[in-house]
Protein chains: 2
Amino acid sequence: MRNETHRLNIVRVSGTTTTRQSDVVVKESPVTIFLNDVDLVSLLCSPKDLEYLAAGFLFGEGFIKNRVEIKRIFADKKDGVVWVETVGQKKVRENILAKRFITTGCGRGFSFVDSAEYSKGLKADRDFRIPAGTVASLMKEFQNKSQIYRETGGVHSAGLANSSRIVIFNEDIGRHNAIDKVLGERLLKGTMNDNLVMITSGRVSSDILIKAARGRIPIIISRSAPTDLAVRLARELGITLVGFARGSRMNVYSNEWRITIKPHRKQRNQRMGES
Amino acid sequence: MRNETHRLNIVRVSGTTTTRQSDVVVKESPVTIFLNDVDLVSLLCSPKDLEYLAAGFLFGEGFIKNRVEIKRIFADKKDGVVWVETVGQKKVRENILAKRFITTGCGRGFSFVDSAEYSKGLKADRDFRIPAGTVASLMKEFQNKSQIYRETGGVHSAGLANSSRIVIFNEDIGRHNAIDKVLGERLLKGTMNDNLVMITSGRVSSDILIKAARGRIPIIISRSAPTDLAVRLARELGITLVGFARGSRMNVYSNEWRITIKPHRKQRNQRMGES
């Protein structure tokens with residue numbers, strides 16, 4: 001954890017008492033992604049897993065579609081730079097970039113999406129479902145993993161899970177970066193199927209939904225709130241969106257057929273006894 | 001509140017019980033800012049106070065420095081567009097824009113700032129200080145004002161306060177937008193001095209710090225965590241940064257001389273008795 005946090009001296013106030021003491025805050029670093037030698041974007045992020053961040057960013061923003069397109073990826077952590085080279089040296093026209101970055105990414109921009117395009121992309125099995133009890137246990141595992149948060153209170157977490165456990169997990173000062181990192185790790189490792197659950201500590205706005213759709217994620221679980229636009233997109237794109245997942249409680253905003261409810265064994269026995 | 005929230009049908013799960021019910025989620029809308037007829041940026045935001053959002057965004061990102069530069073500002077809420085016309089029809093070169101938006105704004109980008117420039121801008125009286133008790137009471141007033149949050153859990157709040165009460169307050173789905181809205185309202189109303197406290201519900205990253213610096217805000221209070229880069233900038237720029245302000249407790253990360261501790265009246269009496 002030491003690499004992602006920084007220790008400094010602060011003044012702690014409690015009522016009329018002040019104490020000078022050492023405290024830990026989360027690190028924030030600017031990182032620039034170069035795509036085929038073009039300075040693409042600078043992100044403020046937690047300086048860890050920069051290859052995953054870059055790969056996930058390029059994937060989530062639609063620059064690359066799969067692992068095969070990446071010829072080389074190299075992160076220079078010291079200088080805060082990630083170099084990505086794609087097959088065929090895909091050229092990035094600067095005007096397109098300007099437009100792209102203004103209209104997408106980072107919770108500030110938006111371009112209306114062709115929902116048909118994303119629906120086609122969603123390849124999860126029609127019968128991929130998970131019990132509500134699994135949502136609760138995945139969320140518990142997710143909370144337990146959040147180490148930097150417990151230490152500093154300053155980061156968001158994101159994870160990818162199969163129907164029984166979390167298989168990829170990361171943390172970042174940015175809600176979007178954390179999701180880019182898990183999608184990037186999945187892309188670079190290139191081993192997983194499409195029956196995955198995305199878990200996020202953050203609010204689900206439309207741009208988060210679009211990242212999940214690009215990643216062909218059928219189920220999104222958040223411990224926070226969604227926006228109306230995220231719910232609308234989730235309904236259009238066939239994604240199951242679960243919010244306020246806390247303990248055994250949760251709100252299911254769309255495609256609730258993927259969340260199954262198992263009656264308690266006791267209830268089942270009772271029913272069997274009744275019949 | 002009705003305009004900023006949307007009512008929809010959801011499935012609520014609690015253990016093995018599911019109920020279909022109506023719930024309220026926060027609205028999210030794309031809004032495009034045109035600066036002198038150039039399509040500058042599209043933001044995802046809460047569709048309210050769009051003039052304040054646009055003015056604050058332009059100010060916080062350094063496009064305009066004061067109210068006088070704005071000749072006309074007009075928001076078309078229905079189409080999600082804000083038109084801003086500046087004196088002298090300042091031209092925005094597209095390449096500059098591309099670079100700007102990639103490197104600043106929205107918690108994703110960063111351009112290293114000339115800290116000397118900001119220090120010069122910070123015009124707060126050297127003797128502007130507030131008691132720790134006032135930090136606590138401002139935070140309490142701040143929490144009480146957060147109406148949409150209480151209803152939906154989906155927004156961030158921001159406020160500007162003088163040394164006794166909150167004078168400007170707003171909410172938005174975006175941490176940065178909420179701050180843009182309060183800085184924008186202050187700019188357009190153009191009535192306030194520089195002895196102001198900025199309050200935010202969100203984490204304080206370097207870009208939030210820079211917005212405050214551009215707004216010549218001497219004190220920032222957050223109920224959440226700061227990053228190390230935000231603390232470093234606050235120290236360099238002479239800004240007092242208070243985090244984890246909850247009840248009578250808080251952490252002061254920089255320039256703690258602006259937060260004064262008043263001994264309890266009782267203690268004071270005791271001391272007087274002792275002397």
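Everything here concerns the structure above.
All values reported here derive from a predicted model rather than from experimental measurement.

Draft legend 1. Fine view of the nonpolar core. Grouped together as the largest cluster of nonpolar side chains are 51 residues, with contacts concentrated most on Leu-58, Val-84, Leu-209 and Leu-241 of chain A. Here this core takes eight residues from helix α1 (residues 50-60) of chain A, the largest share from any one element. With sequence-adjacent residues up to four places away left out, Val-84 of chain A is seen in contact with Ile-33, Phe-34, Leu-35, Asn-36, Ala-54, Leu-58, Ile-70, Arg-72 and Ile-73 of chain A. Membership of the second largest hydrophobic core comes to 28 residues, among which are Ala-178, Ile-179, Met-198 and Ile-210 of chain B.

Draft legend 2. Here's a closer look at the packing of helix α7 (residues 206-214) of chain B against helix α8 (residues 228-237) of chain B. Residues and elements named next belong to chain B. Running from N to C, α7 and α8 point in directions that differ by 25°, and their axes come no closer than 8 Å. With respect to their mutual orientation, α7 and α8 come out roughly parallel. Relative to α8, α7 is oriented so that their crossing is right-handed. Note on element contacts: α8 touches α7 through Leu-229, Ala-230, Leu-233, Ala-234 and Leu-237, opposite Ser-206, Leu-209, Ile-210 and Ala-213. Classifying every residue of the contact of α7 with α8 by side-chain character gives eight nonpolar, one polar and no charged.

Draft legend 3. Highlighting the pairing of strand β9 (residues 166-172) of chain A. All names here are of chain A. Along β9, six of the seven residues are buried, which leaves the element largely enclosed by surrounding structure. Pairing analysis gives six bridges linking strand β8 (residues 156-161) to β9, with the strands arranged antiparallel. Pairing of Ala-161 across the sheet is with Ile-166, part of β9. Hairpin connection from β8 to β9: four residues lie between these consecutive antiparallel strands.

Draft legend 4. Region of the structure containing the sheet that holds strand β13 (residues 249-254) of chain B. Spatially, β2(A)-β1(A)-β13(B)-β12(B)-β11(B)-β10(B)-β8(B)-β9(B) is the arrangement adopted by the eight strands of the open sheet, whose pairing is mixed. Two strands in the sheet have a free side with no partner beyond their single neighbour: β2 (17-26) of chain A together with β9 (166-172) of chain B. Neighbouring strand axes in the sheet, compared pairwise and without regard to direction, differ in orientation by 25° on average. Relative to β13 of chain B, strand β1 (residues 5-14) of chain A runs antiparallel, the two sharing four bridges. Bridged to Ser-14 of chain A within β13 of chain B is Arg-249 of chain B. Its contacts with the sheet put helix α6 (residues 175-189) of chain B on β8 (156-161), β9 and β10 (197-200) of chain B, and the angle it makes with β9 of chain B is roughly 145°.

Draft legend 5. Quick peek at the pattern of salt bridges. Evaluated as defined, the whole model comprises 22 salt bridges over all chains. One salt bridge in this structure joins Asp-23 of chain A and Arg-12 of chain A, with 3.4 Å as the shortest N-O distance. Of this pair, Asp-23 of chain A sits in strand β2 while Arg-12 of chain A sits in strand β1, and the two are eleven residues apart along the sequence. Overall, Asp-23 of chain A belongs to the buried group, its relative accessible area being 14%. Residue Arg-20 of chain A is joined to Glu-256 of chain B by a salt bridge in which the shortest nitrogen-to-oxygen separation is 3.0 Å. One end of the pair, Arg-20 of chain A, is in strand β2; the other, Glu-256 of chain B, is in the loop between β13 and β14 (259-260), on a second chain. By relative accessible area, Arg-20 of chain A is classed as exposed at 66%. When its relative accessible area of 27% is taken as the criterion, Glu-256 of chain B is described as partly exposed. Among the charged side chains, a salt-bridge network with shared partners connects Glu-61, Asp-180 and Lys-211 of chain A.

Draft legend 6. Spotlight on the sheet that holds strand β13 (residues 249-254) of chain A. The sheet built from eight strands is open, its strands ordered β9(A)-β8(A)-β10(A)-β11(A)-β12(A)-β13(A)-β1(B)-β2(B) with mixed pairing. Taken across any chain shown, the strands that pair with only one partner, and hence form the sheet edges, are β9 of chain A together with β2 (17-26) of chain B. In this sheet, adjacent strand axes meet at a mean angle of 25° when their direction is disregarded. Running over the sheet, helix α6 (residues 175-189) of chain A touches β8, β9 and β10 (197-200) of chain A and is turned about 145° from β9 of chain A.

Conventions and cut-offs
Residues numbered from 1 in each chain as written. Chains lettered and ligands numbered in written order. Predicted model: local features only at pLDDT ≥ 70, side-chain atom pairs only at ≥ 80, totals over all residues. Heavy atoms only, no water. Core = buried A, V, L, I, M, F, W, Y, C linked by side-chain atoms within 4.5 Å. Buried < 20%, exposed > 50% of the residue type's maximum accessible area, 1.4 Å probe, protein only. Helix = DSSP H or I, 4+ residues; strand = E, 2+ residues; numbered from the N terminus. Contact = heavy atoms within 4.5 Å. Axes fitted to C-alpha atoms, helices over the stretch in contact; angles between N-to-C directions. Parallel < 35°, antiparallel > 145°, perpendicular 65-115°, else oblique. Left-handed = near helix turned anticlockwise from the far one by under 90°. Nonpolar A, V, L, I, M, F, W, Y, C, P; charged D, E, K, R; others polar. Pairing = 2+ DSSP bridges. Salt bridge = Lys/Arg side-chain N within 4 Å of Asp/Glu carboxyl O.

Any functional reading would require information that these geometric values do not contain.
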